[in-house]
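Each chain, written out:
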Amino acid sequence: MVRHQPEGLDQLQAQTKFTKKELQSLYRGFKNECPTGLVDEDTFKLIYSQFFPQGDATTYAHFLFNAFDADGNGAIHFEDFVVGLSILLRGTVHEKLKWAFNLYDINKDGYITKEEMLAIVKSIYDMMGRHTYPILREDAPAEHVERFFQKMDRNRDGVVTIDEFLETCQKDENIMSSMQLFENVI
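Basis of the calculations
- Residues numbered from 1 in each chain as written.
- Predicted model: local features only at pLDDT ≥ 70, side-chain atom pairs only at ≥ 80, totals over all residues.
- Heavy atoms only, no water.
- Helix = DSSP H or I, 4+ residues; strand = E, 2+ residues; numbered from the N terminus.
- Buried < 20%, exposed > 50% of the residue type's maximum accessible area, 1.4 Å probe, protein only.
- Contact = heavy atoms within 4.5 Å.
- Areas by Shrake-Rupley, 256 points an atom, 1.4 Å probe, with all protein chains shown as cover.
- UniProt positions renumbered as here; feature names shortened; annotations may be inferred.
- Salt bridge = Lys/Arg side-chain N within 4 Å of Asp/Glu carboxyl O.
- Axes fitted to C-alpha atoms, helices over the stretch in contact; angles between N-to-C directions.
- Parallel < 35°, antiparallel > 145°, perpendicular 65-115°, else oblique.
- Left-handed = near helix turned anticlockwise from the far one by under 90°.
- Lys, Arg positive; Asp, Glu negative; His and termini not counted.
- Polar contact = N/O pair within 3.5 Å; in protein donor to acceptor, adjacent residues only side chain to side chain.
- Phe/Tyr/Trp six-rings, centres within 6.5 Å; stacked < 30°, edge-to-face > 60°.
- Lys NZ or Arg CZ within 6 Å of the ring centre and 35° of its normal.

A.B. asks: Run through the overall build of the chain, naming residues and quoting values.
C.D. replies: Check the secondary structure of the chain and you find ten helices and four strands. Across the chain, helices and strands are ordered from the amino to the carboxyl terminus as α-α-β-α-α-β-α-α-β-α-α-β-α-α. Put simply, the chain has 186 residues, and 39% of those count as buried. Sequence-distant contacts, at least 24 apart, represent 59% of the contacts inside the chain between residues at least 6 apart. Looking at the chain as shown, the accessible area adds up to about 11,000 Å², and 55% of this sits on carbon and sulfur atoms.

Laid out in structure tokens, this is it:
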């Protein structure tokens, strides 16, 4: 069995906004769930879907997995995990928004297309399950994407760039307040 040894604690502490103690605690939890030190996509989907028993989280978990798998090698190492977690929990607004853009930019070409956004939005609706209230119409995801593009696609070229995404998000009070939600979770 292949085991993955994480980078040194000092190096991880320098890369993240976690203390040594927090990193040790996160590592223990990570090793407990993933004794090999690696999480493949199937394991990630299994773990993630436990949080959303009412829906189907597999597609969204796939997108999330790819966002955490920074080097694209098909596995999440402890380093990938804590670097992503550090951004989501303690990163600056700019870092969090760049991470979110990366999640939506499925093919990593630097643009969010309507197709990419629709795939993500549909996966979120699937994950939330069919028992949401109010009951969602079939065309709800497409309407959501249209509203997103009305707001974000400033030059109306059919794609959203990182600059358009950052600029629009930073001017939106709802988005900005949601960025602060997880600030002191750990």
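Continuing now.
A.B. asks: Describe the UniProt feature "domain: EF-hand" (unreviewed entry) in the chain, listing the residues and the values that go with them.
C.D. replies: Here the UniProt-annotated "domain: EF-hand" (unreviewed entry) positions come out as residues 56-91, 92-127 and 140-175. End-to-end, the C-alpha atoms of residues 92-127 are 27 Å apart, and along that stretch the chain is 72% helix and 8% strand. Along residues 140-175, the helical share is 72% and the strand share 8%, with 20 Å between the first and last C-alpha atoms.

A.B. asks: Got a sec to walk through the pattern of salt bridges? Specific residues and values, please.
C.D. replies: Under the defined criterion, the tally for this structure stands at eight salt bridges. Between Lys-17 and Glu-95 there is a salt bridge, with the nearest N and O atoms lying 2.9 Å from each other. Of the two residues, Lys-17 is situated in the loop between α1 (9-15) and α2 (20-33) and Glu-95 in helix α6 (residues 93-104); the sequence distance between them amounts to 78 residues. A salt bridge links Glu-41 to Lys-45, with the shortest nitrogen-to-oxygen separation between them at 3.3 Å.

A.B. asks: Please provide a residue-by-residue account of the packing of helix α4 (residues 58-68) against α6, values included.
C.D. replies: Where α4 contacts α6, the two axes come as close as 9 Å, and the packing angle between them is 125 degrees. The orientation of α4 relative to α6 falls into the category oblique. Considering the relative orientation of α4 and α6, their crossing is right-handed. Between α4, through Tyr-60, Phe-63, Leu-64, Ala-67 and Phe-68, and α6, the contact on the second element is made entirely by Trp-99, Asn-102 and Leu-103.

A.B. asks: Run through the side chain of Glu-164, naming residues and quoting values.
C.D. replies: Tracing the backbone shows Glu-164 in helix α9 (residues 162-171). One buried charged side chain, Glu-164, makes no salt bridge at all; its nearest oppositely charged neighbour is Arg-154, positioned 6.6 Å away. Among the polar contacts listed, one links the side chain of Glu-164 to the backbone nitrogen of Arg-154, at a separation of 3.0 Å. Of the polar contacts made by the side chain of Glu-164, one reaches the backbone nitrogen of Thr-161; its length is 2.9 Å. In this structure Glu-164 touches Met-152, Asp-153, Arg-154, Asn-155 and Val-159, once residues within four positions along its chain are discounted.

A.B. asks: A description of the packing of aromatic side chains should follow, citing residues and the corresponding values.
C.D. replies: The tally for this structure, following the rule as stated, stands at 15 aromatic pairs. Between the aromatic rings of Phe-30 and Phe-81, the centroid separation amounts to 5.4 Å while the plane-to-plane angle is 35 degrees, which identifies the pairing as tilted. One end of the pair, Phe-30, is in helix α2; the other, Phe-81, is in helix α5 (residues 78-90), and 51 residues separate them in sequence. Taking relative accessible area as the criterion, Phe-30 reaches 6% and is therefore assigned buried. Joined through ring pairs, the aromatic side chains of Tyr-27, Phe-30, Phe-44, Tyr-48, Phe-51, Phe-52, Tyr-60, Phe-65, Phe-68, Phe-78, Phe-81 and Trp-99 make up one cluster. For Lys-114, the ring lying beneath its charged end belongs to Phe-149, and the centroid distance is 5.6 Å.

A.B. asks: Summarise unusual backbone geometry; cite the residues concerned and give the values.
C.D. replies: Phi is positive for Lys-108, which is not a glycine, with a value near 60 degrees. Considering the arrangement of structural elements, one finds Lys-108 in the loop between α6 and β3 (111-113). For Lys-108, a relative accessible area of 40% gives the class partly exposed.

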